[in-house]
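Reading the structure
If you want the building blocks of each chain, they are given just below.
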Amino acid sequence: MNIEKHLLTCARQISSPNFNERPVPIDPELIVIHCISLPPGEFGGPYIEQLFQNRLSADEHPYFREIHQLQVSSHLLIRRDGEVLQFVPFNLRAWHAGQSCYGDRENCNDYSIGIELEGTEDSAFEPIQYERLKQVIECLQNAYGVTVPGNNPSKQKLPVVGHSDIAPGRKTDPGPCFDWSQLS
């Protein structure tokens, strides 16, 4: 697994129109974990990709009538089978966090990488998803972690948080079934 020109080489590349330039051209400084399933509670199918590409049909499912006009994206999606899809290059701002704050910094989209896991807040994630997520995080840490100078220079790791951590009260994902210890 490697990153070249802000793209994850092992990911299937699917372009989303839902992105823009970061307001200040900086390397990512935060990783945000989300979860998504479309329709809610159902896995597989093309609907997440269609949502991130503004191609979700309101007629496919009653729930889609509520969300088909949303303009959202994530940098990555990790499917239940471990497949990794990339929608937005890491140097650009994906639209995944909405109104958010990390520490005293607002607008997390400006400086974060969004990773969606196909799943729900109240169901277990697959072991292969944790395995892929750990690989992706390690790759991102190597590419974007901050080098700390000194006698033994080292990379300072990017913080990894849940959507619930940066939008408390508004968002609850990845939820109580996400096992944070799997990332250790």
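Fair warning: this is a prediction, and the values are worked out from it, not measured in the lab.

A look at the sheet that holds strand β3 (residues 12–13)
Ordered by their spatial adjacency, 6 strands build an open sheet running β3-β7-β6-β11-β5-β14, and the pairing between neighbours is mixed. Every other strand in the sheet has two partners, leaving β3 and β14 (160–162) as the edge strands with one partner each. For strand β5 (residues 30–36) and β14, the ladder comprises 3 bridges, and the chain directions are parallel. Across the sheet, Val32 pairs through a bridge with Val161, a residue of β14. Across the face of the sheet, helix α3 (residues 127–144) comes into contact with β5, β6 (76–78), β7 (84–86), β11 (112–118) and β14 while running at roughly 170° to β11.

Regarding the packing of aromatic side chains
Across all of its chains, the model carries 7 aromatic pairs by this definition. Aromatic pair Phe125 and Phe178: ring centres 5.7 Å apart, planes at 80°, arrangement edge-to-face. Here Phe125 is found in the loop between β11 and α3, whereas its partner Phe178 is found in the segment after α4 (163–166), with 53 residues between them in sequence. Accessibility classification places Phe125 together with Phe178 in one group, the buried group. An aromatic cluster is present here, built from Phe125, Tyr130, Phe178 and Trp180 joined pairwise through their rings. Above the plane of the ring of Tyr111 lies Arg105, whose end atom (NZ or CZ) is 3.7 Å from the centre.

Points about α3
Every α-helix carries 3.6 residues per turn, so stepping three or four residues along brings you back to the same face. Taking 1.5 Å per residue as the helical rise, α3 with its 18 residues ought to reach 26 Å, and the 26 Å between its terminal C-alpha atoms agrees with that figure. Restricting attention to buried positions, one finds in α3 the residues Gln129, Tyr130, Leu133, Val136, Ile137, Cys139, Leu140, Gln141 and Tyr144.

As for the environment of Asn54
Mapped onto the secondary structure, Asn54 falls in the loop between α1 (47–52) and α2 (64–67). Owing to a relative accessible area of 32%, Asn54 belongs among the partly exposed residues under this scheme. Sequence separation between Asn54 and Ala143 is 89 residues; the distance between their C-alpha atoms is 30 Å. Residues contacting Asn54, with those up to four places away along its chain left out, are Pro17, Asn18, Leu70 and Gln71.

Focus: the pairing of β11
Counting buried positions along β11 yields 7 of 7 residues, so the element is predominantly enclosed. Neither face of β11 is open: one carries Ser112, Gly114, Glu116 and Glu118, the other Ile113, Ile115 and Leu117, and all of them are buried. In this structure, β5 lies alongside β11, joined through 7 bridges in parallel fashion. Paired with Ile33 across the two strands is Ile115, which belongs to β11. Note that β6 and β11 share 3 bridges and pair parallel. The residue bridging Leu76 from the neighbouring strand is Ile115, located in β11.

Considering the pairing of β5
Burial analysis of β5 places 7 of its 7 residues in the buried class, the great majority of the element. Burial along β5 is two-sided: Leu30, Val32, His34 and Ile36 and Ile31, Ile33 and Cys35, pointing in opposite directions, are all buried.

Conventions adopted
Residue numbering note: each chain is counted from 1, following its sequence as written. In keeping with the predicted nature of the model, local features appear solely for residues at pLDDT of at least 70, side-chain atom pairs appear and are counted solely at 80 or more, and the whole-chain, interface and lining totals rest on all residues. Side-chain figures throughout are based on the complete set of non-hydrogen atoms in the structure, without hydrogens or water. At least two DSSP bridges between two strands are needed for those strands to be called paired. Runs of H or I in DSSP of at least four residues are treated as helices and runs of E of at least two as strands, each being numbered from the N terminus. Whether two residues are in contact is decided by their heavy atoms: any pair within 4.5 Å suffices. The angle between two axes is taken between their N-to-C directions and runs from 0 to 180 degrees, where each axis is a line fitted to C-alpha atoms and a helix contributes only its stretch in contact. Between rings of Phe, Tyr and Trp, where Trp is taken as its six-membered ring, a pair exists when centres lie within 6.5 Å; planes separated by under 30 degrees are stacked, by over 60 edge-to-face, and by other angles tilted. Note on exposure labels: buried denotes an accessible area under 20% of the residue type's maximum, exposed denotes more than 50%, and partly exposed covers the range between, all computed with a 1.4 Å probe on protein chains only. As a reminder, the over-ring test applies to NZ of lysine and CZ of arginine, requiring each to be within 6 Å of the ring centre and within 35 degrees of the ring normal. Multiply 1.5 Å by the residue count of a helix minus one, and that product is the helix's expected span.

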